[in-house]
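# Summary of the model geometry
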Amino acid sequence: MPQNTVYWEDVVEGQDIGSYSMEMTAVKISGGAWATRDTNPIHHDKDFAQKAQQKNVIVNIMHSEGILSRLATDWSGPAGELKRTRFNIEGNCCAGDTMTVSGSVIRKWAGGEDEGYLAGLHLVELQVNSVTQDGPFCNAQIIMALLTKADKR
Amino acid sequence: MALTEKDLALIGKESEPFHAPDDVCKCMIRHYCEMMEDANPLYTDEEFARNSKYGGIIAPPQMLMVWCMPRMWPFPEFPWLPMAELDLPGVDTWIATDMIHEFYKPVRPGDKLHYIMKLDKVSDLKRTRIGEGHFITTTQTYYNQNGEVVGREIRTVLKYKPNE
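Only a predicted model underlies this, so the values are computations on that prediction, with no experimental measurement involved. (Residues numbered from 1 in each chain as written. Chains lettered and ligands numbered in written order. Predicted model: local features only at pLDDT ≥ 70, side-chain atom pairs only at ≥ 80, totals over all residues.)

We now examine the overall build of chain A. Check the secondary structure of chain A and you find 3 helices and 5 strands. For chain A, the α and β elements follow one another from N to C terminus as β-α-α-α-β-β-β-β. Expressed along its principal axes, the backbone C-alpha trace of chain A runs to roughly 55 × 25 × 25 Å. Residues counted as buried form 41% of the 153 residues belonging to chain A. Nonlocal contacts in chain A, meaning residues at least 24 apart in sequence, comprise 68% of its contacts between residues at least 6 apart. (Helix = DSSP H or I, 4+ residues; strand = E, 2+ residues; numbered from the N terminus. Buried ≥ 20, exposed ≤ 12 C-beta atoms within 10 Å, placed from the backbone. Contact = placed C-beta atoms within 7 Å.)

If you want it as structure tokens, here you go:
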């Protein structure tokens, strides 16, 4: 269980937040689609996927978003709170591919009065990228609130 | 090409509510975490979560959409949705181009969620790398059983005619 805590004061813009790789088997891809209640056959049925010009079943959007968001909270520990994610698809990830997720801190700031629900929070924005062996798959910009040392109990 | 009067009149309209088929539950949270290989103890470790500031298990915030996905059987009747009424003649293929989620309040086992979708913007016909089409922006606002807004999803899709 990741129970580390990253404190806002210790974060530096540009720092690396780690990475992991996952073997995306057909079972994993179909399981991820079921776990997110996505019944589109392109995530479950190889024949269907091939007729749609894919090599094999492809990873669905909600599964990808979950895998990318996980890097943020794996890095911060459970005290880090996901506040906003912006997600884009650039390519595909098919059964048999290895997905590698990595990221870095692109911004660190204190939420201003004009930032609505982010006001007063200690924030970082992360750039998280996912690639397969064949190139870019998807990416996200993730805003998180972190604990400060003054919050420490 | 400009939009038809009928399509223009749909901009700014809101859908009827989409209700989650089930309450938020630990077992769907676990199935989700298994597939993400997400070991955040707030999602699955009762004791850890009880001793946290939340006082109990919370759902991964990024599961927001999952709770309101329609059942596969019996297939539900969909609520009225402005997006589904758009004519946009000549374009018939969809692709999601941009998705933003904002998370305001924790979602917990037992919560009953619903969302309302608003049609924010429809662009004029644009030429893109993959074909000509319209960019459509919608906001889905998610509520819990107490009427609190727990999060929002702002999504842009391209409805287009693929290049020959």
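Next, the rest of the story.
Further remarks concern the environment of P109 of chain B. Residues and elements named next belong to chain B. Here P109 shows up in the loop between β2 (93-103) and β3 (114-122). When the 15 C-beta atoms within 10 Å are taken as the criterion, P109 is described as partly exposed. Distance in space between the C-alpha atoms of P109 and T93 is 37 Å, their sequence separation being 16 residues. In contact with P109, other than residues within four places in its own chain, are V24, C25, K26 and I57.

Residues and elements named next belong to chain B. Here I130 is to be found in the loop between β4 (126-127) and β5 (131-143). Residue classification places I130 among the partly exposed positions, given that 13 C-beta atoms sit within 10 Å. Sequence-wise, I130 and Y54 are 76 residues apart; in three dimensions their C-alpha atoms are separated by 46 Å. Setting aside anything within four residues of it in sequence, one finds I130 in contact with Y160, P162 and N163.

A regular strand carries its side chains on alternate faces of the sheet. Here 4 bridges tie strand β2 (residues 81-89) of chain A to β2 of chain B, and the two strands are oriented antiparallel to one another. Its bridge partner being in β2 of chain B, T85 of chain A is matched across the sheet by H101 of chain B. The pairing of β2 of chain B with strand β6 (residues 149-162) of chain B spans 10 bridges and is antiparallel. Considered in β6 of chain B, the bridge of H101 of chain B is made with E153 of chain B. (Pairing = 2+ DSSP bridges.)

Let's shift gears to the domain arrangement of chain B. All names here are of chain B. Assigned domains of chain B: these are domain 1 (5-23 + 70-162) and domain 2 (25-58). Using C-alpha coordinates to define each centre, domain 1 is positioned 28 Å away from domain 2. Each partner contributes residues to the interface: domain 1 has 6 residues there, and domain 2 has 6 residues. A class-by-class count of the residues in the side of domain 1 that touches domain 2 yields 3 nonpolar, no polar and 3 charged. (Domains from an automatic or database assignment. Nonpolar A, V, L, I, M, F, W, Y, C, P; charged D, E, K, R; others polar.)

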